[in-house]
Amino acid sequence: TNLPGLYYNPYFPGGAIAMPPPLNDGGVEYEDGTVATISQQARDIVQFLNWCSEPEADARKKEGMMTLLLMGFCIFMTGYYKRLKWAPYKTRSIAYLKAGTFRVGV
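Let me begin by describing the structure that accompanies this report. (Residues numbered from 1 in each chain as written. Predicted model: local features only at pLDDT ≥ 70, side-chain atom pairs only at ≥ 80, totals over all residues. Heavy atoms only, no water.)

1. Considering the overall build of the protein chain
1) Next: For the protein chain, the helix and strand inventory stands at two helices and two strands.
2) Next: Reading the protein chain from its N terminus to its C terminus gives the helix and strand order β-β-α-α.
3) Next: In summary, the protein chain has a C-alpha radius of gyration of 36 Å against a globular reference of 13 Å for 106 residues, an excess of more than 25%.
4) Next: Taking all 106 residues of the protein chain together, the buried fraction comes to 6%.
5) Next: Across the protein chain, every contact between residues at least 6 apart in sequence was considered, and the portion connecting residues at least 24 apart equals 0%.
6) Next: If you average the places of the 11 positive and of the 9 negative side-chain charges in the protein chain, the two averages end up 42 Å apart. (Helix = DSSP H or I, 4+ residues; strand = E, 2+ residues; numbered from the N terminus. Rg over C-alpha atoms; globule rule 2.2 N^0.38 Å. Buried < 20%, exposed > 50% of the residue type's maximum accessible area, 1.4 Å probe, protein only. Contact = heavy atoms within 4.5 Å. Lys, Arg positive; Asp, Glu negative; His and termini not counted. Charge placed at Lys NZ, Arg CZ, Asp CG, Glu CD.)

2. Quick look at helix α2 (residues 57-91)
1) Next: Taking 1.5 Å of rise per residue, 35 residues should cover 51 Å, and α2 covers 49 Å from first to last C-alpha, within 8% of that figure.
2) Next: The sharpest bend along α2 comes to roughly 45 degrees, located at lysine 85, with the proline proline 88 sitting one to four residues further on. (Expected span 1.5 Å × (residues − 1). Bend = angle between axes of the 7 residues up to and from the residue.)

3. Some details on the pattern of salt bridges
1) Next: Under the criterion given, the structure shown has two salt bridges.
2) Next: The salt bridge partner of arginine 60 is glutamate 56, with a shortest N-O separation of 3.5 Å.
3) Next: Overall, glutamate 56 belongs to the partly exposed group, its relative accessible area being 41%.
4) Next: Taken together, the salt bridges that share partners define one network made up of Glu54, Glu56 and Arg60. (Salt bridge = Lys/Arg side-chain N within 4 Å of Asp/Glu carboxyl O.)

4. Some details on the layout of surface pockets
1) Next: Roughly 200 Å³ of internal volume is contained in the largest pocket.
2) Next: Here the residues of the lining of the largest pocket sort into eleven nonpolar, one polar and no charged. (1 Å grid on protein atoms, 1.4 Å probe; cavity = no way out; pocket = protein on both sides within 12 Å on 5 of 7 lines; lining within 4 Å. Points joined across faces, edges and corners; volume = space filled by probe spheres on them. Nonpolar A, V, L, I, M, F, W, Y, C, P; charged D, E, K, R; others polar.)

5. What about the environment of alanine 42?
1) Next: Mapping alanine 42 onto the fold places it in helix α1 (residues 38-53).
2) Next: Residues alanine 42 and tyrosine 11, spaced 31 residues apart in sequence, show a C-alpha to C-alpha distance of 17 Å.

Read these as geometric descriptors, not functional statements.
Printed below as a string of structure tokens:
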């Protein structure tokens, strides 16, 4: 047990600190009726701080997806063009004649 006015904190040397816990159950009322547990509030704070550190993350992800789609389209078109250009060479048949044999009338 702690002395009056001290609160348990496992990360503080001695395990007791005068600062009360920053989050309490029911400390926030959510509009959608979500229960305001300590873990839910901590998750919301982490999500907000993550968004604050990179506000451009959504735009970057959207640009990345557009880049991947464009690269996929370019790869597809390159393969199609290669197949169109090289099809005559890959499908032709070359007949070899024995040494000393000549075809007449070619």
